[in-house]
Amino acid sequence: MNKLLMHPAAKPLVFVLSLLPFAWLVYGAFTDGLGANPAEHLIRSTGDWTLRFICIVLAVTPLRVIAKANALARFRRMLGLFAYFYVVVHLLSYSLFDMGFDIPEIAKDIAKRPFILVGFTAFVLLTPLAATSFNRAIKALGAKRWQALHRLVYVIAGLGLLHFFWMRAGKNDFAEVFVYAAIVAVLLGWRVWNFANKKRAQQQPRPAPVARAQRSA
Ligand code: HEM
């Protein structure tokens, strides 16, 4: 598994696969393939892909540990940047097609509609994570501070879900929201379980050196 993930073609392949939803939307926009309401389709699809990439990023560590595939870690930065790419396209689509790029109107809408405010907060929080995803930023911040900052991804996932839930509340249609919420709950639950397991293992008394030597003899 690790050998496959370390293949020189693996990263370009993940890059192309991550770009496919965007390419599909661009293709649809130029071929009249986005349905009766292309603007709504664009805003919703890019919102969906932002949430999907956040889930994919959250899945990297559990998969890496469970499948003993350490090489998966090399894709995390790219996948995180794709979450940011899709939220920027989502924000731009909303700003252009819903609001005609009228900045004062956009500011008013953010303040007026709570679900937009929650989405915007998630976007604001995601920005420093994207900006500090490079090696130089990790060095400048120091590993501990960088890790603490990047734990914001859990808050962002929660805000993304709340944004989605709130948006669907008007239509009383929560099925998809619950599927994403279940995925995020499993991914975060695994982290809590893994952390508790590690703590328990650290607290267990280590066997005395003699007993260890006898065991290995
Ligand atoms: C991490 C940040 C964000 C995530 C994860 C996210 C995710 C989503 C999702 C999943 C949807 C629903 C798509 C569907 O119905 O299938 C959505 C819709 C929407 N989002 Fe976001 N979003 C985020 C940020 C934003 C921001 C910054 C704005 C604008 C300031 C925004 C504005 C909207 C709008 C206008 C809709 C469509 C509402 C409608 O069609 O009635 N979102 N978003």
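Now for a description of the structure that goes with this document.

1. Regarding the coordination of the iron atom of the ligand
Point 1. Donor atoms from the polypeptide that bind the iron atom of the ligand are H90 (NE2) and H163 (NE2), placed at 2.0 to 2.1 Å.
Point 2. In this structure, the iron atom of the ligand is surrounded by six donor atoms whose angles at the metal cover 87 to 179°, and the resulting shape is octahedral. Of this pair, H90 sits in helix α4 (residues 76-98) while H163 is found in helix α9 (residues 152-169), placing the two residues 73 residues apart along the sequence. The same class applies to H90 and to H163, which are both buried.

2. Remarks on the nonpolar core
Point 1. Ranked by size, the top nonpolar core spans 38 residues in total, and within it F75 and L79 carry the most contacts.
Point 2. For this core, the elements supplying multiple residues, two or more each, are α2 (10-30), α3 (38-66), α4, α6 (114-131), α9 and α10 (175-203).
Point 3. At eight residues, the largest contribution of residues to this core is made by α3.
Point 4. Once residues lying within four places of it in the same chain are set aside, the contact partners of L79 are V14, S18, F53, I56, V57 and V60.
Point 5. Within the second largest apolar cluster, seven residues are counted, among which are I43, Y94, M99 and F115.

3. Some remarks on α3
Point 1. The terminal C-alpha atoms of α3 lie 41 Å apart, and with 29 residues this matches the ideal 42 Å at 1.5 Å per residue to within 8%.
Point 2. Along α3, the helix axis deviates most sharply at V60, where the bend reaches about 30°; the proline P62 sits within four residues downstream.
Point 3. Phi for K68, located one or two positions after α3, is positive at around 50°.

4. Some words on the site of the ligand
Point 1. Near the ligand there are 22 residues, and of these R44, D48, H90, H163 and R168 occur at the shortest range.
Point 2. At a separation of 2.8 Å, an oxygen atom of the ligand approaches a polar side-chain atom of D48.
Point 3. Within the side chain of H163, a nitrogen or oxygen atom sits 2.9 Å from a nitrogen atom of the ligand.
Point 4. Its atoms largely coinciding with the cavity grid, the ligand occupies the second largest pocket.

5. Focus on the pattern of salt bridges
Side-chain pairing between opposite charges can occur once the charged atoms of the two side chains come close.
Point 1. The tally for this structure, following the rule as stated, stands at five salt bridges.
Point 2. Residue K108 pairs with E105 through a salt bridge whose shortest N-O separation is 3.2 Å. Placement of the pair is K108 and E105 together in helix α5 (residues 103-112), with a separation of three residues, close to one helical turn.
Point 3. Between R168 and E176 there is a salt bridge, and its shortest N-O distance comes to 3.3 Å.
Point 4. Take R168: its relative accessible area is 9%, and that puts it in the buried class.
Point 5. Residue E176 is classed as partly exposed on the basis of its relative accessible area of 34%.
Point 6. Several salt bridges share partner residues, and in doing so they unite R168, D173 and E176 into one network.

Reading the values: rules and limits
- Residues numbered from 1 in each chain as written.
- Predicted model: local features only at pLDDT ≥ 70, side-chain atom pairs only at ≥ 80, totals over all residues.
- Heavy atoms only, no water.
- Donors = N, O, S within 2.8 Å, 3.2 Å for Na, K, Ca; no water.
- Tetrahedral: all angles 85-135°; square planar, octahedral: opposite > 155°, others 65-115°.
- Helix = DSSP H or I, 4+ residues; strand = E, 2+ residues; numbered from the N terminus.
- Buried < 20%, exposed > 50% of the residue type's maximum accessible area, 1.4 Å probe, protein only.
- Core = buried A, V, L, I, M, F, W, Y, C linked by side-chain atoms within 4.5 Å.
- Contact = heavy atoms within 4.5 Å.
- Expected span 1.5 Å × (residues − 1).
- Bend = angle between axes of the 7 residues up to and from the residue.
- Near = heavy atom within 4 Å.
- Polar contact = N/O pair within 3.5 Å; in protein donor to acceptor, adjacent residues only side chain to side chain.
- 1 Å grid on protein atoms, 1.4 Å probe; cavity = no way out; pocket = protein on both sides within 12 Å on 5 of 7 lines; lining within 4 Å.
- Sits in = over half its atoms within 2 Å of the grid points.
- Salt bridge = Lys/Arg side-chain N within 4 Å of Asp/Glu carboxyl O.

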